[in-house]
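# Topology and contacts: notes
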Amino acid sequence: QVQLVESGGGLVQAGGSLRLSCAASGNIDSINRLGWYRQAPGKQRELVATITNNDSTNYSDSVKGRFTISRGNAKNTVYLQMNSLKPEDTAMYYCKADRTFGTIIIGIPYWGRGTQVTVSS
């Protein structure tokens, strides 16, 4: 089992920056990819960015060039640096961990409880 705890959310003005952190614990060897997803009220949860153990990254077109996902020096940590924030970035941001074989997801993913990001205009 893997536990994920997010932090770093908050209220920021448009154009500002935030850095989200996710700390993973438990059976870390069972996962090989970490990522961030977000869900705004009344909308479907959507991909923000993912990163694999070999540092392969994937970004949503809506955040590409503004957000950067990275792994910390500690193997159990992933960050999301968010710059040039827009009101439409407002959402609950969730950390996700899973295991992949190529592009195929194996088993059930793990989810954190989320951290709220609110961007005011």
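The structure reproduced in this document is the subject of the present report. Not measured: the values here are computed from a predicted model.

## Details of the overall build of the protein chain
Counting secondary structure elements, the protein chain contains zero helices and eleven strands. Traced from its N-terminal end to its C-terminal end, the protein chain shows the element sequence β-β-β-β-β-β-β-β-β-β-β. Relative to the compact-globule value of 14 Å for 121 residues, the protein chain shows a C-alpha radius of gyration of 14 Å, a close match. Over its C-alpha atoms, taken along the principal directions, the protein chain stretches across nearly 40 × 30 × 25 Å.

## Re the packing of aromatic side chains
Across all of its chains, the model carries two aromatic pairs by this definition. Look at Tyr37 and Trp111: their rings are 5.3 Å apart centre to centre, the planes differ by 70°, and that puts the pair in the edge-to-face class. Taken together, the residues Tyr37 in strand 4 (residues 33-39) and Trp111 in strand 10 (residues 104-111) connect sequence positions 74 residues apart. An angle of 85° between the planes, with centres 6.5 Å apart, marks the rings of Tyr94 and Trp111 as edge-to-face. Separated by 17 residues along the polypeptide, Tyr94 in strand 9 (residues 91-101) and Trp111 in strand 10 bring together distant segments of the chain. The exposure class assigned to Tyr94 is buried, which follows from its relative accessible area of 14%.

## Considering the pattern of salt bridges
Summed over all chains, the structure comprises seven salt bridges. With a closest N to O distance of 2.8 Å, Arg66 and Asp89 form a salt bridge. With Arg66 in the loop between strand 6 (57-59) and strand 7 (67-71) and Asp89 in the loop between strand 8 (77-82) and strand 9, this residue pair connects regions lying 23 residues apart in the sequence. Of the two residues examined, Arg66 and Asp89, each falls in the buried class. Residue Asp98 is joined to Lys96 by a salt bridge in which the shortest nitrogen-to-oxygen separation is 3.5 Å. Using a relative accessible area of 3% as the deciding quantity, one classes Asp98 as buried.

## What to know about unusual backbone geometry
Here the phi dihedral of Asp55 falls at roughly 70°; this positive angle occurs in a residue that is not glycine. Along the chain, Asp55 falls in the loop between strand 5 (46-52) and strand 6. The class for Asp55 is partly exposed, based on a relative accessible area of 48%. Positive phi, normally seen in glycine, also occurs at Ser84, with a value near 50°. Among the structural elements, Ser84 can be located in the loop between strand 8 and strand 9. On the basis of relative accessible area, Ser84 is assigned to the partly exposed category, the value being 41%.

## Some details on the nonpolar core
Membership of the largest hydrophobic core comes to 27 residues, with the highest contact counts inside it found for Trp36, Leu80, Met82 and Tyr93. Elements supplying a minimum of two residues to this core: strand 1 (2-7), strand 3 (18-26), strand 4, strand 5, strand 7, strand 8, strand 9 and strand 11 (115-120).

Calculation rules
Residues numbered from 1 in each chain as written. Predicted model: local features only at pLDDT ≥ 70, side-chain atom pairs only at ≥ 80, totals over all residues. Heavy atoms only, no water. Helix = DSSP H or I, 4+ residues; strand = E, 2+ residues; numbered from the N terminus. Rg over C-alpha atoms; globule rule 2.2 N^0.38 Å. Phe/Tyr/Trp six-rings, centres within 6.5 Å; stacked < 30°, edge-to-face > 60°. Buried < 20%, exposed > 50% of the residue type's maximum accessible area, 1.4 Å probe, protein only. Salt bridge = Lys/Arg side-chain N within 4 Å of Asp/Glu carboxyl O. Core = buried A, V, L, I, M, F, W, Y, C linked by side-chain atoms within 4.5 Å.

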